[in-house]
Every structure is written in C-alpha cells, then in structure tokens.
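For reference, the chains in residue letters:
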Amino acid sequence: MTVSRRNFLCGSAAIGGAILFPITRAGAVSSEAAATQSTEILSWIAINADGSITFRVPQVELGQAVTTTIPQILAEELDADWETIRVEFYDPRQNRPDGTPYSWTTTLGSSSAHYLFQPAHIAAAQVRDMLLSAAATRLNVSKDQLSTDGNAVSAPSGETIGYAELAPEAANLTHPAPESVTFRAAADRRFVGKPVPRLNVPAITTGKLVYGIDVDLPGMRHAAIRQCPVFGGSLGQVDETPLAGLSGNPILLRLKGGFVGYNSPVPEGQDPDLWAAPVKTDDSVVVVADSWWQAKSAVESLEIDWDTTAHADFSTEALRARLSKLAEGDLPVVLERGDTATALSAAPQRLSAKYVFPYMDPAPLEPLNCTVLVEPGRVSLWTGSQYPDDAHRIAAELTGTPPDQVTLHLMNCGGGFGRGLQNDFVHQAVQIAMTMPGVPVKLLWTREECIQHSSYAPFTVARYEGGLDDRGQIESWSLNIASSRSAEQSYGGTSFPYFFPNMRIGYQRDEWATLPFGWMRGVGMTQHVWMNYGFLGELAAASGRDQLDFYRDLLDPRHIPEVLETRDIAVERAARLRAVLDRAAEASGWGAPKPAGTGRGIVVADSAYYPGYASSTKAAVADVTLGEGTVRVDKVAITINAGTIINPDVVHQQLEGAVIFALNNTFLSEITVEGGQVQQSNFGDYPILLIDRIPQIEITILQGEGDPLGVGEDATPITIAAVLNAIADAGGPRIRSLPVKELELI
Amino acid sequence: MAIEFTLNGKAVSVDVDPDTPLLWVIRDHLKLKGTKFGCGVGMCGACTVHVDGRAQRSCVLPVEMAAGMSVTSIEGLDPEGGHPVQREWIEKAVPQCGYCQAGMIMAVSALLAENPQPTDEDIDMSLTNICRCGTYPRIRAAIHAAAEAMTAEAGQ
C-alpha cells in the first residue's frame, strides 16, 4: 500500500493545561491520486481508497501491545469499523525536521499509553470531525445532524457517504481545535477499556509476524561481530589469512569504537546527564558473508589481539568494595530534612545495613540486529529499536545523507526491557553497510555478544542507617547510594514515599567501572524499592510491628512536614498509596493465620520519579514457603490503579510478565566481571526462569480515571520487595544482596 | 554436496556445509522465518522444530543429521493456525513479544502428541523453552485447554 506523504506543517494546542499536542496539517491531494491512493488526514490516520483505515503506531512493538492499544484509542474516536483497520509503524521522518506530530516515539518508562493516549484520542476525534464537516458541506446539512458508523457518515435522510469518499475533501479542511471536537463519552466506549484481542497474535502463532531478524532482501549479505571483550579496550592485530579458505565469500572489517548518542531523548537546552546516558561502541571485528552462519563461523575462527591493559584490573568484586567504601563516606547530599547525624547518635535504637544490587542484563530474546542498505543519496534501515528517531539520526549523520532521504522501517521486536534504547548495534550496522554501497547487509549479534556487550542496570550499593525512638517510631533515616556509571537515578532514594523527621540521602555515581549503563525494566525503582523496603522491614521488625500497620501509619499525612513545598502533592500521594495498600491487604486476606515456614510480604509503591509525576499506584503481596535451604514463591498478587485502562487483558499480561521479570532479578540475574570482561555468556550462566518455578499470579485492577498510567514496569520493583520481605517474615534470612544466594528457588 | 530432507511435507535439497545448523538452513536458505534464533546453544528453544515428529532444537542440529528426515516448522504445523495448540494460544492470549512462541508451540504440540493429558508436573519436566516476557501462566493454561480440545476431538 502506498501512502502519500506530504509536507507537514506543525501547530500545537494545549490540552487541559498539561499536554502539548503538536498536530500536522495536511496539504492538498490531487483528485487523480485520491482515486487509488490513501488519504492521510493526520499522520496518525490514513483512509484508504478501498474503505479500510490505516493507523500508524508511533512506537515499536516489543510485546507491550501498542499495535493493538493505540488502534483501540484511534478507532474509538474515529468510530472506525475494527474489521477494516490496518496497522503500520510510523515513519521517523514525520518527526523531523518540522516537529513531533506524535509527541513521543521512544519506548521508555512504561509511557506508551500514558503519552500517546491524549494525542491519539484528539487526532482521531479531529479526523472524525473533518469527515463530518466534509459530509455536511456535501449534503448541505449541519454537522450536528450527522452520525458516524461503519466507516461512513449518515444523514437523517438515510443517505450515507463512506469515509473513503469524503477523505480527500476532509484532508483539505482546516484542523478543528481540539476544544471544539466531540469525544465519545466514557460510558459509551466500544474499544477503550475492553479486552480487545491483540491484533498480532494470529500472526505470531503461525510464525508470520515479521521481526527485525526476519528481514530478507535480494542480494543481502550477513554480518557477524566480535567486540573487544573488555569495555574500553582497543583492537590490535587481526590475522585475515584463515578467511581465505572459508565458504561464503567472507570479508573482514574493523570498526572503531566511539560515541553513538544518548539512550533517551534529551529535551533541548537540558543537561543530557539528567535525562540519559551516553551510548558508546567498542572496537570490533566484523565478518560479512553470504549467510550469517558463514559470517559467524568465520569471525569466530579469527585470532584477534585486543589491547585490554587499561581496564584489565576491573572486576565486580573490586567494584563492590569500592562502592561499599564510598557509601560509608560522605556523599553529595540530594535530600536533607532535620538533623540526621545528631538524631542518629541520640537514638535509643539504631540499625545499619548495606544493600547490594548487581549488574543485570535486560536480555530480550531476539538478539540485536539491524539491516541497512546504503545507496547514492539515500539510506534504508530496518530495525526494532526502542529509540527509532535516534536510529534515524545515526544513519543520516554517519552517511551524511539528508534526513528526508533516510528511511527507517521500524520492525516488530522480540522483547526490549530497555536494551533496545541503546542504538549501538544500529551505529555498527550503518558503518558496515557504508563499506558496501548498493548491498543490503544485516548485522546480527550472537547471544554471547548480547550478554557480554549489553547496557547494564547499574551495580548499586546502598548503606542505610536508621534510628527508632522509645515508641518504635522512626526518627531518622540515612541513605547513601553509590552506583556504577548510570543515568541520574537518585530518585530511587528520594522518591520513597515515607517521611521521617530526620532524613538524609546521599548519591554518587562512580565512573571507574567501564561497563556501560542501560535502562532496564523498572529503571532506578528496580534497584532501590526492594532495598528501601528491606531496611524499612528491618526497622519494622525491630519495633515489633506488623508490616502493614507500620506502612499504613507512615502514610498518615501527619508525617508530611508542614514546610514541604510540594506538601499537597505528597498528601494526595500518600492517600493514593494507602488506598491501594488497603485494597491489596483486603484482597489477600492480610492478617489471616499462616502455617509455620510460610511468610508474607506486602509493599506499595508508585513510579513518581519527582513530586507530581503521573504514575500508577500498585501494591504486591507475596506468599512464600521456606524449606531446607529452599524457598518457593507460592503466589504474588498485584493490585493496581493505573487510571483509564485501554485494554484490561493487556494490563494483566504486562503485570504477569513484570512479576516474572522480578523473580528473575531476585533469584537468577547477575552479571559479574573479572579482568575487565563479563563472565557470563549465554543462558547457561545467565539463566532465565522456565515454567517450572512460576508462582500463582493474581491481578486486581482498580477502577481508575484520567489518563492511562504506566503498567509495563511497575510490578517489577514491588514484587522483588514483597518476596524478600516475605522470606524474612517466614523466618528466613534478611536478603541484602541480589540475586538471592542464601536460598535456592524451587 | 546437496542434503535432502522433507520440510513441511515438501522435498527440499540444499547445498550447504553439512555442519550448518538446521535453523539457518530453514531461515536463510529455505526462507522460512517463523523458526527463531535465540541463543545458538540449544538452551532457549526459540528454534524448536519437529524432526520425524520429535521436538528438536534446530540451532544445534547440523543439517546433515536431518538428511532423509521429515522436518516440520511452525509454518507447517497448520498453515491456517488451526492446530489446537495454536487455537488455544489465541484463545488464552498467550503471546507478548511473541518471539519465543513458535518454538513454544512446536515444543508443546510435540509434547501433546506424546502425552495427550500432561499433568502440571509433566509440563514442568518437559517444557524447557525460555519466555523472557513471562507468559508461562498462560502457556500452562493453554496447554491444558489444548489437551482437552485434542482429547475431545480424538473421541469424536
């Protein structure tokens, strides 16, 4: 199908005082073109000549179901016939150079539904309004007498005109202001809020869904890569002679490592360090051959000298010691209330503990890949990047091609979990293709390269000190966070929703470690929520109080300082957290007697990275049974308020997946480094849970309102915390370092 | 030297290094992309196909070992998606990213051919494919539903 692409002019309108929604204005369509082509009315929607409707989804599909949920929003306000819809990915060129018609195209921070709901909902209502206006002119009736159904506009006379027929006229109309269009009442919704079956599932079950790895072009060659085994090392000599005898016409390339870009968008004028982390590649050796198996066999047969001396002393053991020492010292203060040092020294009861989070690899199942074709004056690339606008930028900049001559075909992706935000593999693929103009080439990493050259959740050491008064109330809370290189994630400490009279949080990132930072599901919350709740659990136990009562009391607004600038926000937040906590406790029958050897943990959290950040609120209740050196997770129950729900079954899926992701983090995931080199290489030493150790998972979605809020990541941090508190509750050890080594998961 | 086998009921002949894994022959030479590459060491199961009816990890099976045998990939299980396992995968909305699911479906269909009514323990023992999205609870439910459907259909 061809969709005509025209120049986009950008306008914007403020909605509800909160969201800026840049819209595009379509140009004229010639009548010849309209007879056979699609008519794009806004960049979100094209009405096809055959009566079907194409929806463009401005994010990659990683399993979060955007290729169903975004069409649900669009179909709702367009009053589209679901049976006629087609879905395609957006073209990043639409986001440049004239603005961002989609508002947000990066898959990060569980933001798809949250950021895209308003723009999609408004765009579809605008398109419907324009179709109605076109029909009103034709029929010479007023717009409010018309109705829509089945991709057509109907008049009271019974006359109907199909959207396809009206589209060319509608496209020439001025866009109506968002305030002037009619939205469907929430009670009358046909798609939003319904468990609409995911559109791509039939294709998945027959093996027909096309992922990046499946791209196959005429004359395509295949590239396999070996990157310097030590981050920050450099390439010495490579002996090419073994290639001479190999099949597949292998050729050898040497890629120089360097800066690629940032791993998430940085708003103009902002400090990149607050929003993102730099992405770099290392020196590498590539073999391009007729088939990937030939390329991989060839690159693995090479003897390569790497100069790794500069970083060969780096190990995670040394890093643990280094960060532990840092955390025991004075770190730059990011939050301070009261006089923590004095309060601690005066406390009748004082506890301290050190918590450790290791490096982890998000490890999506589809190995990283990107296909690129460089031709004179233009570039095409195919990839399932989570940050496609930057993949597009990289291709344009590296090749010196005008951005409008760079076509990025966004592909379905076999999982992301944050890894795909780093476009290192795109940068490499473009460089490879530049050496062979006119020949498409697909770079595919092995699993070993994926694990050993990932972008890792940061190694983090947190040192806590807490003081209890005579009544068992927490008087002082001191936290020092020392992490390996990372984006700014001090919110892991500062966003913990509890207030104590004396608080001090220090935060420092250490640049010594060479492993690159990457976003991983749950981001900073995954490192910190379990630590915060672990130490809070230690204090609760020392005060002899039940977890639930302890948290409920802490969420009383009397604890929130009167002088707090954002006190209103904090009060509202505490009420929201308490409501969800209470519902979770009720749903789980909290307080019922437990058999010996079993334990329960309950936690509540949100992802309010800063005061006022719109986040879902959710609680986890975990049940565990301890055995001789073993633990079984019997059940994890998640209760969530995520605002308006677009698709409840998708929310269930995301939460189920996030619970299981958390169990991997809790019991299995750990990247270690010796001699500067990652020690794990495949699923044998970086295992992923199989079906045999999965608990019962129960999901309760609370009635919510307002914009949809994030769900993809949110069950991960709280599940880790609830399971570890349940282990302690059962009489097991207090876990202070992940993954759990004290007990074997059965 | 040409290696011959049957893929999805059709005779095929490929001229490749005999140690090329069956996975890459299916994907890159025979151009069927439903069978996926996940680990390359036979651990994750994304590459599972049937060889003479049994589930095999095709990423570690040299194509010469498949010579003369009958290979079925996801495309050949039921091209219309009508196999009870595929139907229940849709009914229970199992997939998320979907990348492992072709291998899962091939592993499960082979399991059910051997053991038409697997218990939860049987499933735990025999299904060793990785799903990174964590669709396991739905996979288990779909296996039981498919087992019931197949038993009901066999009884008719």
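Residues numbered from 1 in each chain as written. Chains lettered and ligands numbered in written order. Predicted model: local features only at pLDDT ≥ 70, side-chain atom pairs only at ≥ 80, totals over all residues. Heavy atoms only, no water.

Some words on the domain arrangement of chain B
Residues and elements named next belong to chain B.
Phase 1: Domain boundaries assigned for chain B yield domain 1 (2-77) and domain 2 (84-154).
Phase 2: Across the boundary between the two partners, domain 1 contributes 17 residues, which contact 13 residues of domain 2.
Phase 3: Here domain 1 and domain 2 share one salt bridge between them.
Phase 4: Linking domain 1 to domain 2 there are seven residue pairs in polar contact (both at pLDDT 80 or more).
Phase 5: Looking at the side of domain 1 that touches domain 2, the elements with two or more residues in it are strand 3 (48-51), strand 4 (54-57) and helix 2 (74-77).
Phase 6: At three residues, the largest contribution of residues to the side of domain 1 that touches domain 2 is made by strand 4.
Phase 7: When the residues that make up the side of domain 1 that touches domain 2 are grouped by side-chain class, the tally is seven nonpolar, seven polar and three charged. (Domains from an automatic or database assignment. Contact = heavy atoms within 4.5 Å. Salt bridge = Lys/Arg side-chain N within 4 Å of Asp/Glu carboxyl O. Polar contact = N/O pair within 3.5 Å; in protein donor to acceptor, adjacent residues only side chain to side chain. Helix = DSSP H or I, 4+ residues; strand = E, 2+ residues; numbered from the N terminus. Nonpolar A, V, L, I, M, F, W, Y, C, P; charged D, E, K, R; others polar.)

Quick notes on the packing of helix 14 (residues 523-542) of chain A against helix 18 (residues 715-729) of chain A
Residues and elements named next belong to chain A.
Phase 1: Across the interface, helix 14 lies against helix 18 with an axial gap of 8 Å and an inter-helix angle of 30°. As judged from the angle between their axes, helix 14 and helix 18 are roughly parallel. Once helix 14 is placed against helix 18, the crossing between them reads as right-handed. The segment helix 14 lies against helix 18, with Met525, Thr526, Val529, Trp530, Tyr533 and Gly534 engaging Thr716, Pro717, Ile720, Ala721, Leu724 and Asn725.
Phase 2: Its residues placed into classes, the contact of helix 14 with helix 18 shows eight nonpolar, four polar and no charged. (Axes fitted to C-alpha atoms, helices over the stretch in contact; angles between N-to-C directions. Parallel < 35°, antiparallel > 145°, perpendicular 65-115°, else oblique. Left-handed = near helix turned anticlockwise from the far one by under 90°.)

So, the pattern of salt bridges
Phase 1: Within the structure shown, the criterion is met by 49 salt bridges over all chains.
Phase 2: Among the salt bridges present, the one from A:Asp424 reaches A:Arg419, with a minimum N-O distance of 2.9 Å.
Phase 3: Using a relative accessible area of 2% as the deciding quantity, one classes A:Arg419 as buried.
Phase 4: A salt bridge links B:Asp28 to B:Lys33; its shortest N-O distance comes to 3.4 Å.
Phase 5: B:Asp28 gets classed as buried once you look at its relative accessible area, which sits at 10%.
Phase 6: Given the relative accessible area of 11%, B:Lys33 is considered buried.
Phase 7: Through salt bridges with shared partners, one network takes in A:Glu76, A:Asp79, A:Arg184 and A:Arg190. (Buried < 20%, exposed > 50% of the residue type's maximum accessible area, 1.4 Å probe, protein only.)

What to know about the packing of aromatic side chains
Two descriptors summarise a pair of aromatic rings, namely the distance from one centre to the other and the angle between the planes of the rings.
Phase 1: Under the criterion given, the structure shown has 30 aromatic pairs over all chains.
Phase 2: Ring centres 5.6 Å apart and planes at 85° place the aromatic pair A:Tyr90 and A:Tyr102 in the edge-to-face group. In this pair, A:Tyr90 is assigned in the loop between strand 6 (85-89) and helix 3 (112-139) and A:Tyr102 in the loop between strand 6 and helix 3, connecting sequence segments 12 residues apart.
Phase 3: For A:Tyr90, a relative accessible area of 1% gives the class buried.
Phase 4: Judged by centre distance (5.1 Å) and plane angle (50°), the ring pair of A:Trp292 and B:Phe37 falls under tilted. A residue pair is termed interchain when its members come from two chains, as with A:Trp292 in helix 7 (residues 292-301) and B:Phe37 in the loop between helix 1 (22-29) and strand 3.
Phase 5: Judged by its relative accessible area of 1%, A:Trp292 is buried.
Phase 6: Connected via pairs of aromatic rings, a cluster forms that spans A:Tyr355, A:Tyr464, A:Trp477, A:Phe496, A:Tyr498, A:Phe500, A:Trp530, A:Tyr533, A:Phe535 and A:Tyr551.
Phase 7: We note A:Arg521 situated over the ring of A:Phe661; from NZ or CZ to the ring centre the distance is 5.5 Å.
Phase 8: The cationic tip of B:Arg132 hangs over the ring face of A:Phe417; the distance from NZ or CZ to the ring centre is 5.7 Å. (Phe/Tyr/Trp six-rings, centres within 6.5 Å; stacked < 30°, edge-to-face > 60°. Lys NZ or Arg CZ within 6 Å of the ring centre and 35° of its normal.)

Things to note about a negative patch on the surface
Phase 1: Where like charges cluster on the molecular surface, the negative patch consists of B:Asp15, B:Asp17, B:Asp19 and B:Glu64.
Phase 2: Checked against the element boundaries, B:Asp15 lands in strand 2 (residues 10-15). (Patch = residues over 30% accessible without salt bridge, like charges linked within 9 Å, V, L, I, M, F, W, Y side chains within 5 Å. Areas by Shrake-Rupley, 256 points an atom, 1.4 Å probe, with all protein chains shown as cover. Lys, Arg positive; Asp, Glu negative; His and termini not counted. Charge placed at Lys NZ, Arg CZ, Asp CG, Glu CD.)

Notes on the interface of chain B and chain A
Phase 1: Facing 51 residues of chain B, the contacting portion of chain A comprises 55 residues.
Phase 2: Summed over both sides, the interface of chain B with chain A buries roughly 4,200 Å², with 61% coming from carbon and sulfur.
Phase 3: The largest share of the area that chain B buries against chain A comes from B:Gln96, B:Arg132 and B:Tyr136, three residues that together contribute 20% of it.
Phase 4: Between chain B and chain A we count six salt bridges in total.
Phase 5: Here chain B and chain A share 23 residue pairs in polar contact (both at pLDDT 80 or more) between them.
Phase 6: Only helix 1, helix 2, helix 3 (84-91), helix 4 (101-114), helix 5 (120-126) and helix 6 (136-155) of chain B provide two or more residues apiece to the side of chain B that touches chain A.
Phase 7: Residue composition of the side of chain B that touches chain A, by class: 25 nonpolar, 12 polar and 14 charged. (Buried area = accessible area lost by both parts, 1.4 Å probe.)

Here we look at the environment of A:Lys594
Residue and element names in this part refer to chain A.
Phase 1: The topology assignment puts Lys594 in the loop between helix 16 (567-588) and strand 26 (598-606).
Phase 2: Residue class for Lys594 comes out partly exposed when judged on its relative accessible area of 39%.
Phase 3: Setting aside chain neighbours within four positions, we find Lys594 in contact with Gly599, Arg600 and Asp729.

Things to note about the pairing of strand 4 of chain B
All names here are of chain B.
Phase 1: Pairing between strand 3 and strand 4: four bridges, direction antiparallel. If you follow His50 over to strand 4, its bridge partner there is Ala55.
Phase 2: From the end of strand 3 to the start of strand 4, which pair antiparallel, there are two residues, and Asp52 there has a positive phi angle of about 50°. (Pairing = 2+ DSSP bridges.)

Describing the pairing of strand 15 (residues 284-289) of chain A
Along a regular strand, successive side chains alternate from one face of the sheet to the other.
All names here are of chain A.
Phase 1: A large share of strand 15 lies buried, amounting to six of its six residues.
Phase 2: Covered by surrounding structure in strand 15 are Ser284, Val286 and Val288 together with Val285, Val287 and Ala289, the residues of both alternating faces.
Phase 3: Where strand 10 (residues 221-227) lies against strand 15, six bridges are found, and the strand directions are antiparallel. Bridged to Ala224 within strand 15 is Val287.
Phase 4: Where strand 12 (residues 251-255) meets strand 15, five bridges bridge the pair, whose relative direction is antiparallel.

Here's the deal with the sheet that holds strand 1 (residues 2-7) of chain B
Residues and elements named next belong to chain B.
Phase 1: Spatial strand order, 2-1-5-3-4: five strands in an open sheet with mixed pairing. One side of each edge strand has no neighbouring strand; the edge strands of this open sheet are strand 2 and strand 4. Neighbour-to-neighbour, the strand axes of the sheet open up by a mean angle of 40°, direction not taken into account.
Phase 2: Sitting on the sheet, helix 4 is in contact with strand 3, strand 4 and strand 5 (70-72), with an inclination near 40° to strand 3.

A few points about the confidence of the model for chain A
Phase 1: Considering every residue of chain A, the mean pLDDT works out to 92; 94% of them sit at 70 or more.
Phase 2: The model gives residues 1-35 of chain A a pLDDT under 50, and that stretch makes 87 contacts with residues more than four places away or in other chains. (pLDDT = per-residue confidence, 0-100.)

Comments concerning the domain arrangement of chain A
Quoted interface sizes are often the accessible area lost when the parts come together.
Residues and elements named next belong to chain A.
Phase 1: One can read the domain layout of chain A as domain 1 (5-205), domain 2 (212-311 + 362-452) and domain 3 (316-360 + 456-745).
Phase 2: Placing the centre of domain 1 and that of domain 3 at their C-alpha centroids yields a distance of 40 Å.
Phase 3: Between domain 1 and domain 3, the contact holds 24 residues from the first and 20 residues from the second.
Phase 4: Overall, the association of domain 1 and domain 3 removes approximately 1,500 Å² of surface from exposure, summing both partners, and the carbon and sulfur fraction of that is 57%.

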